[in-house]
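Coordinates in review
The primary structure of each chain is shown beneath.
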Amino acid sequence: MFDFFSQRPPVQKQPQFFVPKADPFENPLVETDPHQLAQWATALPFANPQQLAENVITSLSRLNRFPGQVKKRDELMQIYVTPAIRLAHGTSQRKQQAPISLVRRVMLEMAYGYCHIVNQCISSKQNKKSVQRLGQAIYDANKYFTLEYLLACEDFDCRCVSPYQHISRLMTYAWEQNLHLLEMEDHDQSESHQATISHQYNRFLLLLLLDPCHLQEGEPRICFDYLNSLAGEALITAPDQDEDATGRYVIDRLGEVPPYLYHPDCLENLPLPRFTLFDLSPVSKTLHQQLRLMEQSEQSKPICMNRLTTKEANNLLARMLKSWHIRLKRDSERHNTSGQIMVWIGVQNAYQYLVGQSANNEHGDEEITMTQPVGMRDSTLGAGSSRILALRSNQSRSGVALRIPRQAISKDLIGQLILISTHETKQGSDWKLGVVKRAMNCGDNLLEVGVQFVAGKLEPITLRLAKQQTEEDPNPDQGGIFIDQGHNNRSSLIVPKHFFVIGQEYRVEEMVPSSSISPMQQLETTAHFERFRIKSV
């Protein structure tokens, strides 16, 4: 094995993993007695996640910055585990949630607490008991750094680099000390072989390499759960000239260089032992087999994907494979641009604007100026309207990048339909319809949103199930957007999720007499809309 840390200056003979800077004075409010802390924990407001997160952050951050000696830090950290895990899981399971930013801080403080234990183990004399304690502390620190990254993916922050740096350095030290394959205690793991530092490191890398900025709401967590059963199949190998580049990524064990696709030509720039290869080909092979089984039987769908339809689960697995192995190139050059534009997010909001039902029509003479807060919803619009002002940063023939303040939109953004217009008045040539393909933080509380255009002339239509009577349902109509590409074989119809049923007949209310159509092939599906090829009935 190798020892990076022994190459550091002689002043620091042992690696010291990052922990927050100690306070200048001992805070009398810091609880270092496990018995007293356990009593405090019984009174935590578990029914109020935000208050729970705030209480844990206050207490744990003080402990992590306490300058005095903490003799029973292991016992203290174990008490914080229950509220921390409740918060981590609660973001996806309960309607009442703490802000993701708060839960991320809880995960970081948990990781820092275990880094304190790692540093303490390294500084003390090694014995069999302390070796197991060191391995457990590294495992737990990486677990909470990983959970913080998972939450970052749900918070449009999947490009943050600090979790990768912390986890890589801890994993490297575990390799050096031959701790990476030891089974640790983790109640979140049903299989003991999955509770190893190496297994969970592979799981983290697999999620990282998916580029989660492109995943829709809820999908990062589904992928993370699914990857737990596959992570053991990924391999860490040394770079080799004869190595097949397919499915292999270069990994920096110091965490300073982000992972990138391997190519044999770059071998001379990969000094050993710092750089290794992460081979996910065996994982991809298993995922291919899962896809084949799901095509044969719906019962083969992974348990963690139960809330998805079989088609949605198939779609997600296919996109995972694509993310790992294909790096898409733009088919048209992007040019820097600027200027304020208006956007409507969601099928119904786009439909309402296109048919002139938006209250925006009553304010057609309103002048748009750059002094108006970009990204804020227009207060002149009625309830349910979603006109947002955004800035373009670059644009091409096939897409555009927009910058929108985070407070203007909800977290379920990726996969949404978006209508873009540069004018207050309705001019068909100025409309652009697109799909949000990615979203990520870009500073100053802004999101950079990547939109892929949908080509074709836009026509809003109102649909009603042909056999449904108006008196039986007070709201039988549903808005859709017809994409006219000049030929029936290329044209399509976009409708809200779960509205169309293939084989059913629907009336188009704008036609007199009403014509009927039927969906015959699904072309695209996201968490928010579906796109179909249709035929006249």
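A short tour of the structure in this document, coming up. In this text, all values refer to a predicted model and were calculated from it rather than measured experimentally.

Tallying secondary structure elements over the protein gives 11 helices and 17 strands in all. Out of the 537 residues belonging to the protein, those deemed buried represent 52%. Total accessible area on the protein is roughly 26200 Å²; 48% of this is exposed by carbon and sulfur atoms.

This part takes up the pairing of strand β12 (residues 457-465). Note: β12 against strand β13 (residues 478-484), 7 bridges, orientation antiparallel. Considered in β13, the bridge of Leu463 is made with Gln478.

Moving on to the state of the cysteines. Taken as a whole and assessed by the stated rule, the structure comprises 1 disulfide. Paired through a disulfide, Cys158 and Cys213 show a sulfur-sulfur distance of 1.9 Å. Here the disulfide of Cys158 and Cys213 is left-handed, its torsion about the S-S bond being about -95°. With Cys158 in the loop between α5 (128-154) and α6 (162-176) and Cys213 in the loop between α7 (197-208) and α8 (219-227), this pair connects stretches of sequence that are 55 residues apart. For the residue pair Cys158 and Cys213, the accessibility class agrees, reading buried in each case. No disulfide involves Cys153; its sulfur sits 5.5 Å from that of Cys158, the nearest cysteine. What makes Cys153 buried here is its relative accessible area of 8%. The thiol sulfur of Cys160 is not disulfide-bonded, and the nearest other cysteine sulfur, from Cys153, lies at 7.0 Å.

Core analysis: the largest hydrophobic core is formed by 98 residues, its most contacted members being Val106, Met107, Met110, Ile138, Tyr144, Met320 and Trp324. Among the elements that make up this core, the one with the highest residue count is helix α4 (residues 100-123) (14 residues). With 21 residues, the next largest nonpolar core counts Ile341, Ile404, Val436 and Ala439 among its residues.

We now examine the sheet that holds strand β1 (residues 235-237). Strands sit in the order β1-β4-β2-β3 across an open sheet of 4 strands; the sheet is antiparallel. This sheet does not close on itself; its edge strands, each paired only once, are β1 and β3 (260-261). Relative to strand β4 (residues 275-279), strand β2 (residues 248-252) is paired through 5 bridges, and the arrangement is antiparallel. Along β4, the bridge assignment pairs Val250 with Leu277. The sheet strands contacting α7 are β1, β2 and β4, and the helix crosses β4 at an angle near 80°.

This next bit is on the sheet that holds strand β14 (residues 492-496). If you trace the 6 strands once around the closed barrel, you get β12-β13-β14-β17-β16-β15, paired in antiparallel fashion. This sheet shows a mean twist of 45° between the axes of neighbouring strands, independent of strand direction. Of the pairings in the sheet, the one linking strand β16 (residues 515-525) to strand β17 (residues 529-536) comprises 7 bridges and is antiparallel in character. Across the sheet, Ile517 pairs through a bridge with Ser536, a residue of β17. Against the sheet, helix α11 (residues 347-354) engages β12, β13, β14 and β17, with an angle of about 75° to β13.

Turning to the packing of α7 against α8, a few remarks are in order. Relative orientation of the contacting elements α7 and α8 amounts to 145°, with a least axis distance of 9 Å. Classified by chirality, the crossing of α8 by α7 is right-handed. Across the interface between the two elements, Arg203, Leu206 and Leu207 of α7 pack against Pro220, Phe224, Asp225 and Leu227 of α8. Considered class by class, the residues forming the contact of α7 with α8 number 5 nonpolar, no polar and 2 charged.

Looking now at the pairing of β13. Side chains on a regular strand alternate between the two faces of the sheet. Most of β13 is tucked away: 5 of the 7 residues are buried. Of the strand pairs in this sheet, β13 and β14 are connected by 3 bridges, and their pairing is antiparallel. Along β14, the bridge assignment pairs Ile483 with Ser492.

The subject of this paragraph is the side chain of Thr276. Locating Thr276 in the fold gives a position in strand β4. For Thr276, a relative accessible area of 4% puts it in the buried group. Not counting residues within four places of it along the chain, the set of residues in contact with Thr276 comprises Ile236, Thr237, Pro239, Tyr249, Val250, Ile251 and Arg253.

Here the focus is the pattern of salt bridges. Under the defined criterion, the tally for this structure stands at 22 salt bridges. Among the ionic pairs, Lys143 bridges to Asp188, the shortest N-O distance being 2.9 Å. Taken together, the positions of Lys143 in helix α5 and Asp188 in the loop between α6 and α7 put the pair 45 residues apart, joining distant regions of the chain. By relative accessible area, which is 17% here, Lys143 ends up buried. Given a relative accessible area of 36%, Asp188 falls into the partly exposed group. Among the ionic contacts, a cluster of salt bridges with common partners joins Arg104, Glu148, Asp155, Asp157 and Arg406.

On to the packing of aromatic side chains, then. According to the stated counting rule, one finds 13 aromatic pairs in the structure shown. With 5.8 Å between their ring centres and 70° between their planes, Phe17 and Tyr173 make a pair best called edge-to-face. Taken together, the positions of Phe17 in the segment before α1 (34-42) and Tyr173 in helix α6 put the pair 156 residues apart, joining distant regions of the chain. As far as the burial class goes, Phe17 and Tyr173 line up, both buried. Ring centres of Trp175 and Tyr201 lie 5.8 Å apart, and the angle between their planes is 80°; on these two criteria the pair is classed as edge-to-face.

This part takes up the packing of α5 against α7. Viewed as axis vectors pointing N to C, α5 and α7 meet at an angle of 15°, and their least axial separation amounts to 10 Å. By the criterion of interaxial angle, the relationship of α5 to α7 is roughly parallel. Note that α5 runs across α7; the crossing there is left-handed. Every residue of α7 that contacts α5 at Gly135, Ile138, Tyr139, Asn142, Thr146, Tyr149 and Leu150 is listed here: Ile197, Gln200, Phe204, Leu207 and Leu208. Tallied by class, the residues present in the contact of α5 with α7 amount to 8 nonpolar, 4 polar and no charged.

This brings us to the side chain of Ser168. Position of Ser168 among the secondary structure elements: in helix α6. Among residues more than four places away in sequence, those in contact with Ser168 are Tyr201, Asp252, Arg253, Leu254 and Gly255.

Definitions and limits used
- Residues numbered from 1 in each chain as written.
- Predicted model: local features only at pLDDT ≥ 70, side-chain atom pairs only at ≥ 80, totals over all residues.
- Heavy atoms only, no water.
- Helix = DSSP H or I, 4+ residues; strand = E, 2+ residues; numbered from the N terminus.
- Buried < 20%, exposed > 50% of the residue type's maximum accessible area, 1.4 Å probe, protein only.
- Areas by Shrake-Rupley, 256 points an atom, 1.4 Å probe, with all protein chains shown as cover.
- Pairing = 2+ DSSP bridges.
- Disulfide = S-S within 2.5 Å.
- Core = buried A, V, L, I, M, F, W, Y, C linked by side-chain atoms within 4.5 Å.
- Contact = heavy atoms within 4.5 Å.
- Axes fitted to C-alpha atoms, helices over the stretch in contact; angles between N-to-C directions.
- Left-handed = near helix turned anticlockwise from the far one by under 90°.
- Nonpolar A, V, L, I, M, F, W, Y, C, P; charged D, E, K, R; others polar.
- Salt bridge = Lys/Arg side-chain N within 4 Å of Asp/Glu carboxyl O.
- Phe/Tyr/Trp six-rings, centres within 6.5 Å; stacked < 30°, edge-to-face > 60°.
- Parallel < 35°, antiparallel > 145°, perpendicular 65-115°, else oblique.

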